[in-house]
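Summary of the model geometry
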Amino acid sequence: PYTDGKGVVIAGVRTGEPASKAGLERGDVITEAQGQAVTAGEELRKIIRTLSPGTKLTLKGRRGGEAKSWTVTIGEMPAPDRLE
C-alpha cells in the first residue's frame, strides 16, 4: 500500500473510459497532473475540470514502486446523475 501521503490513489477504473484506455489501473498513485503536484482527489478533479473534451492530460505517478506516466484524452463529463 501507498503510505507516504503524496498523491492520489486510483480507487477504480471503468473499462472503456478514458482512464482505462490510457492504461491506468486500480491502485495506481497519481502525484502530478499537467505539471502540478497533486496530493488529494479534489486537486486532481479541479485540474481535470479545467480541460475540454479531447484535451490530452499528462499524469505522472507510481504503480507499485515503479515510476509511471500516462496520457489521458479527456472525454465528455457524464451527467450528474451518472457520477458515483
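For the structure itself, look to the data block above.
Residues numbered from 1 in each chain as written. Predicted model: local features only at pLDDT ≥ 70, side-chain atom pairs only at ≥ 80, totals over all residues. Heavy atoms only, no water.

Moving on: the nonpolar core. Core analysis: the largest hydrophobic core is formed by 14 residues, its most contacted members being Leu-24, Ile-30, Ala-33, Val-38, Leu-44, Leu-57 and Leu-59. Where this core is concerned, the elements lending two or more residues are strand 2 (29-33), helix 2 (41-49), strand 4 (56-63) and strand 5 (66-73). Residues contacting Leu-59, with those up to four places away along its chain left out, are Leu-24, Ile-30, Glu-32, Ala-33, Leu-44, Lys-68, Ser-69, Trp-70 and Val-72. (Core = buried A, V, L, I, M, F, W, Y, C linked by side-chain atoms within 4.5 Å. Buried < 20%, exposed > 50% of the residue type's maximum accessible area, 1.4 Å probe, protein only. Helix = DSSP H or I, 4+ residues; strand = E, 2+ residues; numbered from the N terminus. Contact = heavy atoms within 4.5 Å.)

A few words on the environment of Ile-47. Counting through the fold element by element, Ile-47 comes out in helix 2. Among the residues examined, Ile-47 registers a relative accessible area of 9% and is labelled buried. With 13 residues separating them along the chain, Ile-47 and Gln-34 place their C-alpha atoms 7.8 Å apart.

Under the definition given, this model contains five salt bridges. A salt bridge links Glu-32 to Lys-60, with the shortest nitrogen-to-oxygen separation between them at 4.0 Å. Here Glu-32 is found in strand 2, whereas its partner Lys-60 is found in strand 4, with 28 residues between them in sequence. Salt bridges sharing common partners tie together Glu-25, Asp-28 and Arg-63. (Salt bridge = Lys/Arg side-chain N within 4 Å of Asp/Glu carboxyl O.)

Before going further, it helps to examine unusual backbone geometry. Phi is mostly negative for residues that are not glycine, and the peptide bonds are mostly trans. Even without glycine at this site, Gln-34 takes up a positive phi of about 50°. Position of Gln-34 relative to the elements: it lies in the loop between strand 2 and strand 3 (36-37).

The next point concerns the side chain of Asp-28. Of note, Asp-28 is situated in the loop between helix 1 (18-21) and strand 2. In this structure Asp-28 touches Val-8, Val-9, Ile-10, Gly-23, Arg-62, Arg-63 and Trp-70, once residues within four positions along its chain are discounted.

These figures come from the coordinates and say nothing about function on their own.
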